Structure formats: C-alpha cells, structure tokens
Amino acid sequence: MAAIDHSLASFHFVGDDLVPSELTALLGTAPTEAHAKGDGITSTSGTTRLARTGHWTLTAERREPEDLEGQVFEILDRLPSNLHIWEQLAKFQPHFFCGIFMGSGNDGMDLSPKLLLALGQRGISLGFDIYDAHD
C-alpha cells in the first residue's frame, strides 16, 4: 500500500443554540474559528453573510506525508477526556472532517483501534474527502 501524500483534519461542533464562548469555556481550549447563528461571516473575497447556524472549529496543522491519526489525536489531546462532558455535547454533532490527498492512483491508509475507540466513546463521527493524485 502506497503512502498518502498529505492530510488535513479539523474538528467541528454545530448547532443553532451553540454559543462559542460557552463551548470554549466548557472545553478549556480556544477554537481555530467560531461563530454563533446570525453572526456576520466575512469571506476571503470580502463579502459578508449571516451564519445559518453556530459553528466551533479546531484545526490541526497539515501533515506531509499523511499522519491523519496524529492530527486527530493532536486535536483530541486539547479537548476534555471526561466522557460525561461529551454526552452533554452530543447535541452539537461532534464531527471530524478529514482531507486525504493521494500521491498516486491507488493509495491507502489504516486507522487504529485506539483511535476508533476514542472517537466512539465521545460520539464523534469521522468524515473523509479523498482527492485524486491527478487533481
């Protein structure tokens, strides 16, 4: 199995009643980006839109070559390990978004049982966008 070229990982909470400052206080770490429903969000082109829902994001540094597991644990290590807190946060749909960038047309990777257990215990879903080597 060939190595993945690089990876990106970010962790998200979303919800209409999400208050970023309250979530930050509960989690004990500052987000990379956050906004409440109705906040103005300015794009890189300078246009502003209103947020349709609240959002709290924590992003890991890009890893080249890929180290998705390291990125996920980098983020999890900044968040509480108390599973009771995670039960309270389930309403905000905790989710990892992962970008996998292949180096060739047939790359692959594995996730360890330790990582899968850590995500499952916290009720965190794991999503992937996989990008072709030639795009």
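To keep things clear, this report deals only with the structure shown in the data block. (Residues numbered from 1 in each chain as written. Predicted model: local features only at pLDDT ≥ 70, side-chain atom pairs only at ≥ 80, totals over all residues. Heavy atoms only, no water.)

## A closer look at helix H4 (residues 113-122)
The test is simple: Accessible area is worked out with a 1.4 Å probe on protein chains only. A residue is then buried under 20% of its type maximum, exposed over 50%, and partly exposed in between. Counting from the N terminus, the helices are the DSSP runs of H or I reaching at least four residues and the strands are the DSSP runs of E reaching at least two. Note: the arc covers the axis-to-C-beta directions of the helix. Only heavy atoms enter the contact rule, under which two residues are in contact if any of them lie within 4.5 Å.
Among all positions of H4, only Leu 115, Ala 118, Leu 119 and Arg 122 are buried. For H4, the angular spread of buried residues about the axis comes to 95°, placing them on one side. Away from the buried face of H4 by more than 90 degrees, exposed residues Pro 113, Leu 117 and Gly 120 are located. The inward-facing, buried residues of H4 abut helix H2 (68-76), helix H3 (83-89), strand E6 (95-101) and strand E7 (125-131). One or two positions beyond H4, positive phi appears at Gly 123, with a value near 70°.

## Focus: the pattern of salt bridges
Test applied: A side-chain nitrogen of Lys or Arg and a carboxyl oxygen of Asp or Glu constitute a salt bridge if their distance falls within 4 Å.
Considering all chains together, one arrives at 5 salt bridges under this definition. With a shortest N-O distance of 3.5 Å, Asp 16 and Lys 37 are connected by a salt bridge. Here the residue Asp 16 occupies a position in the loop between strand E1 (6-15) and helix H1 (20-27), and Lys 37 occupies one in the loop between strand E2 (33-35) and strand E3 (40-42), the gap between them amounting to 21 residues. Using a relative accessible area of 46% as the deciding quantity, one classes Lys 37 as partly exposed. The salt bridge involving Asp 67 is made with Arg 63; its shortest N-O contact spans 2.8 Å. Overall, the relative accessible area of 32% leaves Asp 67 in the partly exposed class. One network of salt bridges, in which partners are shared, links Arg 63, Asp 67 and Glu 74.

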